[in-house]
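If you want the building blocks of each chain, they are given just below.
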Amino acid sequence: MSCCKCQEHGWADPQPPVWTDPADGREYCVFHAPVEHKGISVAEFNKKIFRRIEDFGGSAQNNSRCDLSGVVFPGEIIFEENTEFPSVSFNYAIFTSNIDFINAFFTGETEFDNAHFKGDADFFGSQFNGSASFNWTKFYGYTDFRETEFYNKSKFKRALFNGELKFCPLNNFKKIPAKRKAISYTTFVALHSTILRNSTLKTAENYKD
Ligand SMILES: [Zn+2]
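Residues numbered from 1 in each chain as written. Predicted model: local features only at pLDDT ≥ 70, side-chain atom pairs only at ≥ 80, totals over all residues. Heavy atoms only, no water.

Further remarks concern the sheet that holds strand E6 (residues 84-85). Sheets are built from strands that pair by backbone hydrogen bonding, the pairs being arranged parallel or antiparallel. Taken in spatial order, the four strands line up as E6-E10-E14-E18 in an open sheet, and their pairing is parallel. Two strands close off the open sheet at either side, each with one partner strand: E6 and strand E18 (149-150). Where strand E10 (residues 105-106) lies against strand E14 (residues 127-128), two bridges are found, and the strand directions are parallel. Within E14, the residue paired with Phe 106 across the bridge is Phe 128. (Pairing = 2+ DSSP bridges. Helix = DSSP H or I, 4+ residues; strand = E, 2+ residues; numbered from the N terminus.)

See below:
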């Protein structure tokens, strides 16, 4: 048997189960197990995340991505400044606490579709060299995209911001071909104080994928 969430999210390397739900017998690996059933500390869990990203670096030549889809992050996680991410999927990830991507380099395609940020999400000064996707992402805490550089398509379709949002990307789009200068904010919902400095809001009709 293997982790039901690894199967659901199509992980190429399903992880061994660490917990079985007595209610339905479904098994969960350490990455996908609920917070209270991981059996390791937040620090130990975060180390596993760092190692998974580092280990992927060696095989970044292929078109695949570092798969962190559906991962349940049990506590605060801080990525060292200037951390380089390969193409990575955080789709359906649940960040139960604060996450810090300050000055991170996302070198390939980056996906946060349907991710839930239950704490603060800090992307200050981060750089997205490939496409960045935050479709249906929910931000519940303070969210910071100041001085973020998007060099490719960025999508925030139906993203929901429940907390304070600061969104002031640098105007660095001159470096990329005109046809790739697209940032899409479709159904961009912010319920709290919102700063959208230097941002161009486009409707879905104007946005060419
Ligand atoms: Zn799993």
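In this section: the pattern of salt bridges. Under the defined criterion, the tally for this structure stands at seven salt bridges. Arg 52 is paired through a salt bridge with Asp 13; the nearest N and O atoms lie 2.8 Å apart. In this pair, Arg 52 sits in helix H2 (residues 42-57) while Asp 13 sits in the loop between helix H1 (4-8) and strand E1 (17-20), placing the two residues 39 residues apart along the sequence. Put simply, Asp 144 and Arg 146 hold a salt bridge, and the shortest N to O gap is 2.6 Å. For Asp 144, a relative accessible area of 1% gives the class buried. Among the ionic contacts, a cluster of salt bridges with common partners joins Arg 65, Asp 67 and Glu 111. (Salt bridge = Lys/Arg side-chain N within 4 Å of Asp/Glu carboxyl O. Buried < 20%, exposed > 50% of the residue type's maximum accessible area, 1.4 Å probe, protein only.)

Working reference: metal with six octahedral donors, ideal angles 90 or 180 degrees; metal with four tetrahedral donors, ideal angle 109.5 degrees. Every protein donor of the zinc ion is accounted for by Cys 3 (SG), Cys 6 (SG), Cys 29 (SG) and His 32 (ND1), and the metal-donor separations fall at 2.1 to 2.3 Å. For the zinc ion, the four donor atoms in the first shell make angles of 100 to 113° at the metal, so the coordination geometry reads as tetrahedral. Expressed as a motif, the donor residue spacing for the zinc ion is C-x2-C-x22-C-x2-H. Note that Cys 6 is positioned in helix H1 and His 32 in the loop between strand E2 (27-29) and H2, a separation of 26 residues in sequence. For Cys 6, a relative accessible area of 1% puts it in the buried group. (Donors = N, O, S within 2.8 Å, 3.2 Å for Na, K, Ca; no water. Tetrahedral: all angles 85-135°; square planar, octahedral: opposite > 155°, others 65-115°.)

It is worth spelling out the nonpolar core at this point. Nonpolar side chains in soluble globular proteins tend to be buried together. Counting residues in each nonpolar core, the largest one holds 41 residues, and the members touching the most others are Ile 49, Phe 90, Phe 101 and Phe 123. Each residue touching Phe 123, except ones within four places of it in the same chain, is listed here: Phe 101, Phe 106, Phe 112, Phe 117, Phe 128, Phe 134, Phe 139, Asp 144, Phe 145, Arg 146 and Thr 148. (Core = buried A, V, L, I, M, F, W, Y, C linked by side-chain atoms within 4.5 Å. Contact = heavy atoms within 4.5 Å.)

Before going further, it helps to examine the side chain of Asp 144. In this structure, Asp 144 sits in strand E17 (residues 143-144). In contact with Asp 144, not counting residues within four places along its chain, are Ala 121, Asp 122, Phe 123, Phe 124 and Lys 166.

For Trp 136, which is not a glycine, the phi torsion comes out positive at approximately 60°. Classification of Trp 136 as partly exposed rests on a relative accessible area of 39%. Even without glycine at this site, Arg 158 takes up a positive phi of about 55°. Looking at where Arg 158 falls in the secondary structure, it is placed in the loop between strand E19 (154-155) and strand E20 (160-161). Judged by relative accessible area, which is 52%, Arg 158 ranks as exposed.

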